[in-house]
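An overview of the molecular structure
Spelled out from the first residue to the last, the chains are:
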Amino acid sequence: MRGNVIVGQSGGPTAVINSSLVGVFKTAKDRGAKTVYGMRHGIQGLLEEKYVDLSDHIQTSLDIDLLKRTPSAFLGSCRYKLPEADKDNGVYKKIFSILKKLDIEFFFYIGGNDSMDTIRKLSDYALEIGSSIRFIGVPKTIDNDLDITDHTPGFGSAAKYIGSITKEVIRDGLVFDQNMVTIIEIMGRNAGWLTGASALAKCEDCEGPDLIYLPEIPFDVESFIKKVEELHKVKKSIIVAISEGIRTPDGKYISELTDTVEFIDAFGHKALSGSAKYLANMIGAKFGWKTRAIELNTLQRSASHLVSRVDITEAYQVGGAAVKAAFEGLTGQMVILKRVSDDPYICTTDTYDVHKIANVEKKVPREWINETGDFVTQEYLNYVKPLIQAELTPIMVDGLPRHLTLNDKNLKNI
């Protein structure tokens, strides 16, 4: 028999993050783990000694099917930044005392860049104190900005949602015979992977967005306004997709030009929103045209009703691969996805040193953005299209999707 397992979820959720949780849970139990604990609200909850025994809540094949289709983070999430151990090891002593109390042998953390930084720090401290606990990172982020891995679970479903919604917004913009500019603001922070997915709307039954702006290219407001003005000479309804993280040539976020109150999280990330509204108001005031700003916001990361089957399958696979790697003796690693081919699409899993992944932001290659910096190229589309294929139908009850939920009354405190 193996020792106990603990798993947590961290950062912004995705439509498939719980599929990775299921992958960890089921593979660990199948391989002989005694107890699989779930941290409530990630490492922050663990520090407060909050956890659940997942076997109390995932008991049947129906529970597994429901949880795979449930958006958000089943266990709850956090944005908690661990200090460096050489500056404050008190936090680490507390974490490892809790892990010892629970007889933890394997630790899994499902998350993005900041979560991989947590795995890096914990695995280093374990090595320093001679602990045998193995720490493995399970990739997750709709932003797709984790380095080394071909892509991250969560991105494909968010891209599918963005491509679909963009098509619908384009159709809506053609309803009235009037000049109109619609600006869609899409998540992704400093990487434009998600914003580029709006180009998926361009197909035989849709002309796609007119302009796409990624944060990899400096955003010139005056040049943007001129392009919109020129487009209106040949068409009435204009659709623009922008990243929340677009910046002026001097490095200032467009969202910082607004009057919104600035929020900064524990990792120093500024809350980025309001760019679409700012630009829409500017165009409306200058030309007198009708404008609309649409922020997809949390919708793009929680739309489990439009999940990609490829994405949800890979999310489950990376959870299982993490357990396999830990049980075989690896630590301080993150599971990665390695693409073998686009057509037919084949992707395998592997592991990679988390020290070379944490705190590195993967950007859209410049050659995947057109020369004028206002659209993506065919190379980008070839990359993303395999990731949005097929669907997984929600389990419907009374006309709405049914989810598996975890209430705080199930919480165990030591």
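Now for a look at the structure at hand. (Residues numbered from 1 in each chain as written. Predicted model: local features only at pLDDT ≥ 70, side-chain atom pairs only at ≥ 80, totals over all residues. Heavy atoms only, no water.)

Comments concerning empty space enclosed by the protein
The cut-off we apply is this: We place a 1 Å grid over just the protein atoms. Points where a 1.4 Å probe fits but has no way out form a cavity, open points with protein on both sides within 12 Å along at least 5 of 7 lines form a pocket, and any residue with an atom within 4 Å of a point lines it. Grid points are joined across faces, edges and corners, and a volume is the space filled by probe spheres set on the points. Under the scheme applied, nonpolar residues are Ala, Val, Leu, Ile, Met, Phe, Trp, Tyr, Cys and Pro; charged residues are Asp, Glu, Lys and Arg; polar residues are all the others, including Gly.
Within the structure shown, the criterion is met by 1 cavity of 30 Å³ or more. Volume-wise, the largest cavity comes out at about 40 Å³. Taken together, Ala15, Lys68, Arg69, Ser304, Val307, Ile312, Leu392, Thr393 and Pro394 make up the lining of the largest cavity. Residue composition of the lining of the largest cavity, grouped by class: 5 nonpolar, 2 polar and 2 charged.

Describing the packing of helix H1 (residues 17-30) against helix H3 (residues 61-68)
Helix-helix packing: each pair is described by the crossing angle between the helix axes and the interaxial distance. As a reminder, the rule being used: Only the stretch in contact is used when fitting a helix axis, every axis being a line fitted to C-alpha atoms; angles between N-to-C directions are given from 0 to 180 degrees. Segments assigned H or I by DSSP are reported as helices when at least four residues long, segments assigned E as strands when at least two residues long, and all are numbered from the N terminus. We call two residues in contact whenever any of their non-hydrogen atoms come within 4.5 Å of each other.
Two elements in contact, H1 and H3, have axes whose closest approach is 7 Å; the angle formed by their N-to-C orientations is 145 degrees. In contact with Asn18, Ser19, Leu21, Val22 and Lys26 of H1, H3 contributes Ile64, Leu67 and Lys68. When its residues are assigned to classes, the contact of H1 with H3 shows 4 nonpolar, 2 polar and 2 charged.

Thoughts on the layout of surface pockets
Think of a ball as big as a water molecule: rolled over the atoms, this probe shows where empty space is left. In this structure, the second largest pocket occupies an estimated 160 Å³ of space. Lining the second largest pocket, in full, are Ala159, Lys160, Gly163, Ser164, Lys167, Leu200, Ala201, Lys385, Ile388 and Glu391. Split into classes, the residues belonging to the lining of the second largest pocket amount to 4 nonpolar, 2 polar and 4 charged.

Observations concerning helix H5 (residues 113-129)
This is how it is decided: An expected span of 1.5 Å times one less than the residue number is assigned to each helix.
End to end, H5 covers 25 Å across 17 residues, agreeing with the expected 24 Å (1.5 Å per residue, within 8%). Gly130 lies just past H5 and shows a positive phi near 80 degrees.

Brief notes about the environment of Asp86
So the rule is basically this: Remark: exposure states derive from per-residue accessible area (1.4 Å probe, protein chains only) relative to the maximum for the residue type, with buried under 20%, exposed over 50%, and partly exposed in between.
Secondary-structure assignment places Asp86 in the loop between H3 and helix H4 (90-101). Classification of Asp86 as exposed rests on a relative accessible area of 70%. Between the C-alpha atoms of Asp86 and Glu48, which are 38 residues apart in sequence, the distance is 22 Å.

Quick word on the pairing of strand E1 (residues 4-9)
Test applied: Strand pairing follows a simple DSSP-based rule, namely that at least 2 bridges must link the two strands. Crossover handedness is defined here as right-handed if the route from the first strand over the helix to the second strand goes clockwise, with the strands pointing away from the viewer.
A large share of E1 lies buried, amounting to 6 of its 6 residues. Neither face of E1 is left uncovered, since the one carrying Asn4, Ile6 and Gly8 and the one carrying Val5, Val7 and Gln9 both have all their residues buried. Where E1 and strand E4 (residues 104-111) come together, 6 bridges link them in parallel fashion. When the bridges of E4 are listed, Ile6 appears paired with Phe107. Sheet analysis places E1 next to strand E2 (residues 36-39), joined by 3 bridges and oriented parallel. When the sheet's bridge partners are listed, Ile6 is paired in E2 with Tyr37. Note that the unit made of E1, H1 and E2 has a crossover that is right-handed.

Focus on H4
Note the following rule: Here, the arc refers to the directions that run from the helix axis to the C-beta atoms.
With 12 residues, H4 extends 17 Å between its outermost C-alpha atoms, agreeing within 8% with the 16 Å of an ideal straight helix rising 1.5 Å per residue. Three or more residues of H4 are buried, namely Val91, Tyr92, Ile95, Phe96, Ile98 and Leu99. Down the axis of H4, the buried set is contained in an arc of 155 degrees. They therefore lie on one face. Exposed positions of H4 whose direction lies more than 90 degrees from the buried face are Lys93 and Lys100. Buried-residue contacts for H4 involve E1, helix H2 (42-47), E4, H5 and strand E5 (134-139).

Structural notes on the sheet that holds strand E9 (residues 290-295)
The strand order across the open sheet formed by 4 strands is E7-E8-E6-E9, and the pairing between neighbours is parallel. Each end of this open sheet is capped by a strand with a single partner; those strands are strand E7 (211-213) and E9. The sheet shows a mean angle of 15 degrees between the axes of neighbouring strands, taken without regard to direction. Judged from the 7 bridges that link them, strand E6 (residues 180-186) and strand E8 (residues 237-243) form a sheet pairing that is parallel. In the strand pairing of E8, Ile183 is matched with Val240. Contacting E6, E8 and E9, helix H6 (residues 155-173) runs over the sheet at an angle of about 165 degrees to E6.

Some thoughts on the pattern of salt bridges
The line we're drawing: A carboxyl oxygen of Asp or Glu within 4 Å of a side-chain nitrogen of Lys or Arg is what we treat as a salt bridge.
For the coordinates displayed, the defined rule picks out 19 salt bridges. The shortest N-O distance in the salt bridge between Lys235 and Glu207 comes to 2.6 Å. Placement of the pair is Lys235 in the loop between helix H8 (221-231) and E8 and Glu207 in the loop between helix H7 (193-196) and E7, with a sequence separation of 28 residues. For Lys235, a relative accessible area of 18% corresponds to the buried category. Residue classification places Glu207 among the partly exposed residues on the basis of a relative accessible area of 48%. Ionic pairing is found between Asp342 and Arg339, a salt bridge with its closest N-O pair at 2.6 Å. Classification of Asp342 by relative accessible area gives partly exposed; the value is 39%.

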